[in-house]
Amino acid sequence: MGFFKLFHSTKKDEENAQREKDCIDRIKQAVCNKCGIDNFIDYDEFTVAFAGSKDNMDLMLEICTQKYDGKEYLYASVDDEVSWQEWDFDNLDEFEKDIISYIANRVNRTIKTVTEVNNKNFKVTSYYMDKNGEWVCFEEDSLGSKWVCFLASHLAESSETIKTYKLKN
């Protein structure tokens, strides 16, 4: 019985690894098509960067498998700052589309991210700089929960960051 369980576990790990590779390949292809790029940095089979350099990767996407509620799902993370769980989406296609949108909105752009934190609101707004040097809002996420905002106001600070996402030699 123990041998069968070990064999089955190995097979499942191989299936998960293939599913992760297929997912990252589809995301790379879609970002390339959407942004008109054909370069990125392959770190390994499960990790790719769309900006930065080999020594300092940015827009680094990692895909892995996690268990949730007794089932195995894909989990994605970009720069260890933003993450997606497949179980939060209706299907794999929606999961991938959300990741593609996030990355494609940043590739070869200068991005300003404004985080506003107070007792009543926690809001993150992202802007890209257009060709005229103007900031254009393309994402806005906020949490209105009093409890979350109270915690956030004690753990985080309002901030503004500007970063350019481009591949470097």
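Model, not experiment: these values are computed from the prediction.

What follows concerns the overall build of the protein chain. The secondary structure content of the protein chain amounts to three helices and nine strands. Written out in order from the N terminus, the α and β elements of the protein chain read α-β-β-β-β-β-α-β-β-β-α-β. Overall, the protein chain is about 60 × 45 × 30 Å in size when its C-alpha atoms are taken along their principal axes. A burial count over the protein chain gives 34% of its 169 residues as buried. Carbon and sulfur atoms provide 47% of the accessible area of the protein chain, an area that totals close to 11100 Å². When the 22 positive and 33 negative side-chain charges of the protein chain are each reduced to one mean point, those points stand 2 Å apart.

This next bit is on the nonpolar core. Formed by 26 residues in total, the largest nonpolar core has its most connected members in Ile27, Phe50, Leu61 and Ile103. Of all the secondary-structure elements, those providing two or more residues to this core are α1 (2-35), β2 (47-52), β3 (57-68), β4 (71-78) and α2 (92-104). Once residues within four sequence positions are removed from consideration, Phe50 is found in contact with Lys28, Val31, Ile37, Phe40, Asp58, Leu59, Leu61, Ile103, Val107 and Leu167.

What follows concerns the packing of aromatic side chains. Applying the stated criterion to the full structure yields seven aromatic pairs. Relative to Tyr102, the ring of Trp84 has its centre 5.4 Å away and its plane inclined at 70°; by these criteria the two rings are edge-to-face. Here the residue Trp84 occupies a position in strand β5 (residues 82-85), and Tyr102 occupies one in helix α2, the gap between them amounting to 18 residues. A single burial state applies to Trp84 and to Tyr102, both of which are buried. Between Phe89 and Phe95 the ring centres are 5.8 Å apart and the planes differ by 75°, which places this aromatic pair in the edge-to-face class.

Side-chain direction in a regular strand flips from residue to residue, so the side chains alternate between the two faces of the sheet. The sheet contact formed by strand β7 (residues 122-129) and strand β8 (residues 135-143) spans eight bridges and is antiparallel. Bridging across to β8, Ser126 finds its partner in Glu139.

Below, the discussion takes up the sheet that holds strand β6 (residues 109-117). Sheet architecture is open: four strands sit in the order β8-β7-β6-β9, paired in antiparallel fashion. Whereas interior strands pair on both sides, the edge strands pair on one side only; in this sheet they are β8 and β9 (159-165). Within the sheet, the average angular offset between the axes of one strand and its neighbour, ignoring direction, is 15°. Here β6 pairs with β9 via seven bridges, running antiparallel. Its bridge partner lying in β9, Thr113 is registered against Thr161.

Procedures and definitions
- Residues numbered from 1 in each chain as written.
- Predicted model: local features only at pLDDT ≥ 70, side-chain atom pairs only at ≥ 80, totals over all residues.
- Heavy atoms only, no water.
- Helix = DSSP H or I, 4+ residues; strand = E, 2+ residues; numbered from the N terminus.
- Buried < 20%, exposed > 50% of the residue type's maximum accessible area, 1.4 Å probe, protein only.
- Areas by Shrake-Rupley, 256 points an atom, 1.4 Å probe, with all protein chains shown as cover.
- Lys, Arg positive; Asp, Glu negative; His and termini not counted.
- Charge placed at Lys NZ, Arg CZ, Asp CG, Glu CD.
- Core = buried A, V, L, I, M, F, W, Y, C linked by side-chain atoms within 4.5 Å.
- Contact = heavy atoms within 4.5 Å.
- Phe/Tyr/Trp six-rings, centres within 6.5 Å; stacked < 30°, edge-to-face > 60°.
- Pairing = 2+ DSSP bridges.
- Axes fitted to C-alpha atoms, helices over the stretch in contact; angles between N-to-C directions.

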